Amino acid sequence: MLKRLFGGLKKTRDSLVVGMRKLLGSDTLDDATLDQMEELLYTADLGPAAADLMDALRKARAAGEVTEPAQVEPFLRDQIVDMLGDDVADTPVGSGPRVVLVVGVNGSGKTTTIAKLAQLLKREGRSVMLAACDTFRAAAVEQLGVWADRLEVRIVKRETGADPSGLAFDAADAAQREDIDVLLVDTAGRLHTATNLMAELVKIGRVISKRIPGAPHEVLLVLDGTTGQNAIAQAREFKQAVAVTGLVVTKLDGTAKGGAVVSIRRQLDLPVRFIGLGEGADDLERFAPAAFVEALFDG
Amino acid sequence: MFESLTQRLSKVLGGLTGGGRLTEKAVDEALEEVRAALLEADVHFRVVRDLIARVREQAVGQEIVKSVSAGQMLVKVFSDELVGMMSSEGEPFTFAGGRPTVVLMAGLQGSGKTTTTAKLAHWLRTEHRRKPLLVAADIQRPAAVDQLKILGEQIDVPVFHVPGEPPEVLAELALAEAKRTGRDTVLVDTAGRLHIDAELMAELSRVRERVTPDTTFLVCDAMTGQDAVRSAEAFQQTLPLDGVILTKLDGDTRGGAALSVRHVTGAPVAFVGVGEKIEDLQRFHADRLVSRILGMGDVVTLVEKAQEHVDEQEAERQMKKMLEDEFTLEDFLSQLKTLQKMGSMKDLMSHMPGMSGLDPAMIDEQALGRTQAVMLSMTPAERRRPSVLDNSRKRRIARGSGTTITVVNQLLNQFEGMRKMMKQLKNQGLFSRLMSRFTGGGLGMGDMAGMAEAAAGGARPGAGGPRPTAGTVNQIDRRKARKKERQRKKQSRKRR
């Protein structure tokens, strides 16, 4: 797993860490160096987290805790680990299927993430069922259908335009009857500012809980890793509507933006559960803060 | 969520008013605020740095014009600079003569290429009477071809695809097909790619070599962060871009990525995607996006939206009625309907300056629906003369609208309050001032603050009675406003 993580974060490492080491190769830690440092952190999309890191660094320098350039990297590393928090375990489920609702804005990678999640769970030896509740976007049902065939998992679907809540109920019912371990529910992408669409999401959750009490056990918000500060607004709105329990950050492989994970974690009181690192069905990892930071710095 | 930049700057520059000069220290402090605002809006770090340096030079030592605050002035300097950066002359398309025009669509995964391609075909047909042919050349993502086919069916535009062929062959075949069937514009939808994927980038080059596109668009998610620069650079290196299409602007993103992309590619933003429906594609206006990036709201779009849905004569008639105190519930109902046609309250609010920070929970769309139901349960005669409503009638209305007498009374009180406010406004002349701003077009920077203030007062539907707005307008202000108004009208005449 670590090897793939190293590979996926290569871009970020090349840009952030290599740049930083070059910068810190000098003898003194002057203001100009710190300014350049700040640029590096910002362009890795650390956002306000960059400002915090720089504040901490400047304070530490003033207090005489960090005086040499060589001390900067370990210092930042500790800070980032702190920001990322601890590992998170799955919320326990009583009996019956564990239901995972997957939500997010358009184009964040929900459907692909579901396919990857299904693969990951299968690898872990669990039986999986998919519910194609994105009945809005043209051909979204077909897209998930193709994945279900490839991964050989059961899928519950209806034609485009069908009522997603009704479909969700049927899927919950089928999962219950067939004694499935995990039901993954895909939903249509929606911008978090669309009030009526957010209400639809609430309804899907409610309907599922009628069939399986306590469900959905987990609501994963899929965030595009290349999204900027708007990710915060997205998370806040989705969280308010459907009680999001964790985040999936996608598309981290193509960009030099592994930093977004830090920024997102810091500003949202939500754990990052999975990160997407590529286009293949295997390219999804459970997120572990310590391993992430290690991959970021020591690839 | 965001405090408007003008507000933030006012705090920093609070002490500086007319007649003074912008000192170096004041400018530096203010620029730090602007810098934070721009970074918050996802403008790339380097772009922000360059911009700040340029504006700093211009701003230091400048005399503060009377009647505007230093904050407003600085925002204006920035706004001008940004609009200058983003503006572009000319049409987004070059149409080829004698053969079909080829449009190539490229972009990252999930940016909205396929949807945008269909929207663009629809736009070309309605605005330019073109006969488009859509080419489904995204053979990577499962069901992408199906998606375009379904969209094509919806807008009644043919979609070309041959299973098993690579994208460059598909494009070539489509061009031949277009010639054969008399389609004059070919739009090629390609696979989304992460910009580091050399193989997929090469595929784009191959398509380009085979069909020589007349226009190449980069489709870019408006919510993209700092990475926008890197991906735009990578695309620009592979294929020369003629324009950028910014998608998902209907959310609450500030859209700073547009600035970054424009900065590195030099390609103008041609269109913006503003919704899920096929007609939700608009030409790009630099000044509106700049307002948004700087957190000043997008008043122009709001006014345009209003113009689209409001019958001008009807509006004028109602205005007159309001001023002459003849405004009835009948008019109120028709206004409410117009408002609903314009979209959700929340959406409208998001366009108002100073309103973007409004708590969405405050806007109760359901309350609006209830209000409407109550009015619809009245007879036209009752709406014209609410004074006839006795308890028995009120009970009937409450039953008919599924509400309670309290709700009916609330509405009537609210309505009465509104009429009182109209009277007050009339006496102060504020109302006509406000309206002339709306109808006169060309909003100046100085007007923004006043607008926001006025809007904030009257913008709480269903939340108690309306509050009288800006009750302290004095004589001098009014004279000033009238003078400004005359000047503005003169200018707008000149422009015409």
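Caption draft 1: Region of the structure containing the overall build of chain A. A count of helical and extended segments in chain A gives twelve helices and eight strands. The buried share among the 299 residues of chain A stands at 60%. Nonlocal contacts in chain A, meaning residues at least 24 apart in sequence, comprise 76% of its contacts between residues at least 6 apart. When the accessible surface of chain A is summed, it comes to about 11200 Å², and 50% of that surface belongs to carbon and sulfur atoms.

Caption draft 2: View of empty space enclosed by the protein. Tallied over the full model, the rule gives five cavities of 30 Å³ or more. Every residue lining the largest cavity is counted, 18 residues in all, and those nearest its centre are Leu108, Ser111, Asp221, Thr224 and Ser231 of chain B. The residue makeup of the lining of the largest cavity, split by class, is nine nonpolar, six polar and three charged. Empty space within the second largest cavity amounts to approximately 100 Å³. Contributing to the lining of the second largest cavity are Asp90, Arg98, Val100, Leu117, Leu121, Arg126, Val182, Leu184, Glu218, Leu220, Phe274 and Arg286 of chain A.

Caption draft 3: Geometry of the sheet that holds strand β6 (residues 246-250) of chain A. Residue and element names in this part refer to chain A. Ordered in space as β3-β2-β4-β1-β5-β6-β7-β8, the eight strands form an open sheet in which the pairing is mixed. Across the chains shown, the open sheet's two edge strands, defined by having one partner strand only, are β3 (154-156) and β8 (284-286). Across the sheet, the axes of successive neighbouring strands diverge by a mean angle of 25 degrees, strand direction being ignored. When strand β7 (residues 272-276) meets β8, the two strands line up antiparallel, connected through three bridges. The partner of Phe274 across the bridge, within β8, is Arg286. Lying over the sheet, helix α9 (residues 195-211) contacts β1 (98-104) and β4 (182-187), oriented at roughly 175 degrees with respect to β1.

Caption draft 4: Focus on the interface of chain B and chain A. Counting residues at the interface gives 36 residues for chain B, matched by 43 residues for chain A. Between chain B and chain A, the buried area comes to about 3400 Å², and carbon and sulfur atoms account for 56% of it. Inspection of the chain B/chain A interface yields three salt bridges. The interface formed by chain B and chain A includes seven residue pairs in polar contact (both at pLDDT 80 or more). Looking at the side of chain B that touches chain A, the elements with two or more residues in it are α2 (24-40), α3 (45-59) and α6 (144-155) of chain B.

Caption draft 5: Up close: the packing of aromatic side chains. All names here are of chain B. Per the stated rule, a full pass over the model turns up eight aromatic pairs over all chains. Aromatic pair Phe93 and Phe271: ring centres 6.1 Å apart, planes at 50 degrees, arrangement tilted. Taken as a pair, Phe93 in the loop between α4 (70-86) and β1 (101-107) and Phe271 in strand β7 (residues 269-273) lie far apart in primary sequence, 178 residues in all. Overall, the relative accessible area of 8% leaves Phe93 in the buried class. Ring pairs connect the aromatic residues Phe93, Phe95, Trp123, Phe217 and Phe271, which therefore count as one cluster.

Cut-off values and rules
The residue count restarts for each chain, going from 1 along the sequence in the order it is written. Think of it this way: whatever chain is written first is A, whatever ligand is written first is 1, and the rest follow in order. For a predicted model such as this one, the threshold for reporting local features is a pLDDT of at least 70, and the threshold for listing and counting side-chain atom pairs is 80 or more; totals across whole chains, interfaces and linings nevertheless cover every residue. Just so you know, side-chain values use all the structure's heavy atoms and leave hydrogens and water out. Only DSSP runs of H or I with at least four residues qualify as helices, and only runs of E with at least two residues qualify as strands; both kinds are numbered from the N terminus onward. Three labels apply to residues, based on accessible area from a 1.4 Å probe with only protein chains included: buried if under 20% of the type maximum, exposed if over 50%, partly exposed otherwise in between. By definition in these notes, contact holds between two residues if any of their heavy atoms fall within 4.5 Å. To be clear on the numbers: accessible area is Shrake-Rupley with a 1.4 Å probe, and residue cover counts the displayed protein chains and nothing else. Only protein atoms enter the 1 Å grid, on which a cavity is a set of points fitting a 1.4 Å probe that cannot get out and a pocket is an open set with protein on both sides within 12 Å along at least 5 of 7 lines, lining residues being those with an atom within 4 Å of a point. Grid points are joined across faces, edges and corners, and a volume is the space filled by probe spheres set on the points. Residues are grouped as follows: nonpolar covers Ala, Val, Leu, Ile, Met, Phe, Trp, Tyr, Cys and Pro; charged covers Asp, Glu, Lys and Arg; every other residue, Gly included, is treated as polar. Two strands form a pair only when DSSP identifies at least two bridges running between them. Fitted lines through C-alpha atoms serve as axes, helices being fitted only where they are in contact, and the angles separating the N-to-C directions of these axes extend from 0 to 180 degrees. Throughout, buried area stands for the accessible area (probe radius 1.4 Å) lost by two parts on being put together, summed over both. In what follows, salt bridge is the name for a side-chain nitrogen of Lys or Arg lying within 4 Å of a carboxyl oxygen of Asp or Glu. Identification of polar contacts relies on pairs of N or O atoms within 3.5 Å, with a donor-acceptor requirement for protein atoms, meaning one able to donate a hydrogen and the other able to accept it, and with residues adjacent in sequence counted only if both atoms are side-chain atoms. Pairing of aromatic side chains requires ring centres within 6.5 Å, counting the rings of Phe and Tyr and the six-membered ring of Trp. Pairs whose planes differ by under 30 degrees are stacked, by over 60 edge-to-face, and all others tilted.

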